[in-house]
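Residues per chain, in single letters:
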Amino acid sequence: MENSGEKMVDVRSVVDAISTDNENAPLYQVESLCMRCTQNGTTRFLFTEIPHFRKILLSAFECSHCGERNNEVQFAGELQPRGCFYSLHFSAGDQKSLFSVAALMLNRQVVKSESATVKIPELDFEIPPEAQRGSLSTVEGILTKAVDDLQALQEERKKVDSLTAEAIDQFLLKLKACATGESSFTFNLDDPAGNSFIENPFAPSPDPSLTIKFYKRSPEQQAALGYLVDPSQLGESCDEESIEEIKNPSDQMKGEPHGSIGAAAGHRAIAQVNSAEIAENLFRYSTPEEVMTFPSTCGACAARCETRMFVTNIPYFQEVIVMASSCDDCGYRNSELKPGGRIPDKGKKITVCVKNVNDLSRDVIKSDTAGVRIPELELELASGTLGGVVTTVEGLITKICENLERVHGFTFGDSLDDSKRGKWQDFRVRLNKLLSLKEPWTLIIDDALANSFVAPTTDDIKDDHQLTFEEYERSWEQNEELGLNDMDTSSADAAYNNN
């Protein structure tokens, strides 16, 4: 490091420097207090970016007086739209060599952000966000660090409370067995910020041991991440002022006739709060007869905002509801496409044989319950991946490529060995080759709720021989996942029939 790099700077200079988009940010040093000996040590900051993953801030503290050392990873980018939940199931008995399945499972790279929680249900063990916060490690490394932290004060515990120390010793034996692969366990990583990650060593193929889910943050999780949340959302009673605001007639749901706003104004109302892609594809079929506007709360800052909604019919498909919100205070924007009507009795599988440019331009509505398969690549995306999107066949392939690079961010980094990197590069070439149409390929969208759609290229859908729709009976497991097995509508049906 140059002499200028060893110069002590103040905290404001570091913050200003790392707040810029400078890709060649230097290493900064700040004099800071050591929490062990209360003398001044040195903290080093480095702003960098993990390829295809996130911008991060690396900080390392070292005290020359007592030898205390500490390091941390903080995410310098924005929070993700949804939280993430990773569940990794490990089965014991596979560890036969260094390159066994067990070793591969324990050596998975793990990013645990400062808001993530690690749980092992079998041991009723939890690593809270404040422990090992901002760490870049492996499954084995996180468990080993937990063992070391628990052992650190065992001698003092034995002097004060021998029974508790003995119980912890017994627990440490179980935790060590998990860390060494001698015992089966489930490794759950829950991050409301959506910035944590567990590597899939079999990518791009599905990982039978790893389950990934994305969810909408609760008001409590929003508050824990530092967002301003309406007290009423946390279960607290509203004050009189807020009640008066809700009762204000001007804030009630209001409808604007299509004739008063016009098709162009309706198009602009949606386009201003959503991407041009969704607006263009939806309005290709019909314009809204009525745009509804009603008050809502911003999901980011909890400020008052407006949500626009309209219902439209898509030919050969069904009625859909488009909802779009924008916040003038923080600039947050959100859009959703929801199916209208009742839950279909059967699921639907859509198969498209892609042969020409017209097939790439087909409009696609993929709901958040639909899975995607491309047999030629042995690629399968589980239901919920990518969420609900309105795009084209070409756009869907592009989104799949971007999502794979985001979720498996380390797969393209410098830490990957040459064989795995070559495997991924070959897969990306094959994925991009689909758009060149050198060979025909098949796109399969399987939706248990039949809320997905692919547009035909002919005026009559029966004349489109490259597009097939197949209905099927949902399995008990699919109904259970969708919450349909416990749904009782007998009372509502009886009331409807009486009227």
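Residues numbered from 1 in each chain as written. Predicted model: local features only at pLDDT ≥ 70, side-chain atom pairs only at ≥ 80, totals over all residues. Heavy atoms only, no water.

Asks: Just checking my understanding: could you explain the pattern of salt bridges for this structure?
Replies: When their charged atoms lie close together, side chains carrying opposite charge are able to pair. Scanning the entire structure with this criterion turns up 8 salt bridges. One salt bridge connects Asp207 with Arg108, and the closest N-O pair in it is separated by 2.6 Å. Note that Asp207 is positioned in the loop between β11 (197-198) and β12 (210-215) and Arg108 in the loop between α2 (101-106) and β6 (109-112), a separation of 99 residues in sequence. A salt bridge links Asp149 to Lys145, with the nearest nitrogen and oxygen atoms 3.1 Å apart. Here Asp149 and its partner Lys145 are both found in helix α3 (residues 139-151), 4 residues apart, which amounts to about one turn of the helix. Judged by its relative accessible area of 39%, Lys145 falls in the partly exposed class. The structure contains a network of salt bridges with shared partners spanning Asp359, Arg362 and Asp464. (Salt bridge = Lys/Arg side-chain N within 4 Å of Asp/Glu carboxyl O. Helix = DSSP H or I, 4+ residues; strand = E, 2+ residues; numbered from the N terminus. Buried < 20%, exposed > 50% of the residue type's maximum accessible area, 1.4 Å probe, protein only.)

Asks: I would appreciate a short explanation of the sheet that holds strand β22 (residues 389-392) in the present structure.
Replies: In a beta sheet, neighbouring strands pair by backbone hydrogen bonds and run either parallel or antiparallel. On the basis of which strands lie adjacent, the open sheet formed by 3 strands has the order β22-β19-β24 and antiparallel pairing. Either end of the sheet is taken by a strand with one partner, and the two such strands are β22 and β24 (453-454). When strand β19 (residues 363-366) meets β24, the two strands line up antiparallel, connected through 2 bridges. Looking across to β24, one finds that Ile365 is bridged to Phe453. (Pairing = 2+ DSSP bridges.)

Asks: How do you make sense of the packing of aromatic side chains when you look at a structure like this?
Replies: For any two aromatic rings, the description comes down to two numbers: the centre-to-centre distance and the angle of the planes. Tallied over the entire structure, the rule returns 2 aromatic pairs. Here Phe90 and Phe185 contribute two aromatic rings whose centre-to-centre distance is 5.3 Å and whose plane-to-plane angle is 35°, an arrangement assigned as tilted. With Phe90 in strand β5 (residues 83-90) and Phe185 in strand β10 (residues 185-191), this residue pair connects regions lying 95 residues apart in the sequence. The exposure classification of Phe90 matches that of Phe185, with both residues buried. With a centroid separation of 5.4 Å and 50° between ring planes, the pair formed by Phe125 and Phe171 is classed as tilted. In this pair, Phe125 is assigned in strand β8 (residues 125-127) and Phe171 in helix α5 (residues 162-179), connecting sequence segments 46 residues apart. Each member of the pair, Phe125 as well as Phe171, carries the same accessibility label: buried. (Phe/Tyr/Trp six-rings, centres within 6.5 Å; stacked < 30°, edge-to-face > 60°.)

Asks: Where do I start with the confidence of the model for the chain in this structure?
Replies: Predicted coordinates in areas of low pLDDT are best not read in detail. Mean pLDDT over the chain stands at 75; residues scoring 70 or higher make up 74%. Considering only residues more than four positions removed or in separate chains, one finds that residues 1-6, a stretch of pLDDT under 50, has 6 contacts. Taken as a whole, residues 236-288 scores under 50 in pLDDT and shows 73 contacts with residues more than four places along the chain or in a different chain. (pLDDT = per-residue confidence, 0-100. Contact = heavy atoms within 4.5 Å.)

Asks: I keep staring at α3 and nothing clicks. Help me out?
Replies: Side chains three or four residues apart in an α-helix point the same way, a direct result of the helix having 3.6 residues per turn. Helix length check: α3 (13 residues) gives 19 Å between terminal C-alpha atoms against 18 Å at 1.5 Å per residue, within 8%. Those residues of α3 not exposed but buried are Val139, Ile142, Leu143, Ala146 and Val147. For α3, the angular spread of buried residues about the axis comes to 140°, placing them on one side. (Expected span 1.5 Å × (residues − 1). Arc of directions from axis to C-beta.)

Asks: Which parts of the structure should I look at to understand the sheet that holds strand β9 (residues 135-138)?
Replies: Pairing within the open sheet is antiparallel, and its 3 strands lie in the order β9-β6-β11. The open sheet has two free edges, formed respectively by β9 and β11, since each of these has just one partner strand. Judged from the 2 bridges that link them, β6 and β11 form a sheet pairing that is antiparallel. Bridge assignment links Val111 to a residue of β11, and that residue is Phe197. Along the sheet face, α3 touches β6 and β9 and points at about 110° away from the line of β9. (Axes fitted to C-alpha atoms, helices over the stretch in contact; angles between N-to-C directions.)

Asks: How do you make sense of the pairing of strand β15 (residues 304-313) when you look at a structure like this?
Replies: As a general feature of sheets, a regular strand has side chains that alternate between the two faces. As paired elements, strand β14 (residues 290-297) and β15 share 6 bridges and run antiparallel to each other. Across the sheet, residue Pro295 finds its bridge partner in β15, namely Glu306. In textbook terms, the turn of a hairpin is the stretch between consecutive antiparallel strands, and for β14 and β15 this stretch comprises 6 residues, one of which, Ala302, has a positive phi near 65°. When β15 meets strand β16 (residues 319-326), the two strands line up antiparallel, connected through 8 bridges. Its bridge partner lying in β16, Met309 is registered against Met323.

Asks: Hey, could you run me through the side chain of Ser115 in this one?
Replies: As for its position among the elements, Ser115 is in the loop between β6 and β7 (117-120). We classify Ser115 as buried; its relative accessible area is 16%. Among the polar contacts listed, one links the side chain of Ser115 to the side chain of Asp191, at a separation of 2.6 Å. Not counting residues up to four positions away in its chain, the partners in contact with Ser115 are Pro129, Asp190, Asp191, Pro192, Ala193 and Leu225. (Polar contact = N/O pair within 3.5 Å; in protein donor to acceptor, adjacent residues only side chain to side chain.)

Asks: Where do I start with the pairing of β16 in this structure?
Replies: Judged by how many residues are buried, β16 sits mostly within the fold: 6 of 8 residues are covered. Examined bridge by bridge, β16 and strand β17 (residues 333-339) share 7 bridges and lie antiparallel to one another. Looking at β17, one finds that Ser326 is bridged to Arg333. Where β16 folds back on β17, the antiparallel hairpin that results is connected by 6 residues, among which Gly331 adopts a positive phi of roughly 85°.

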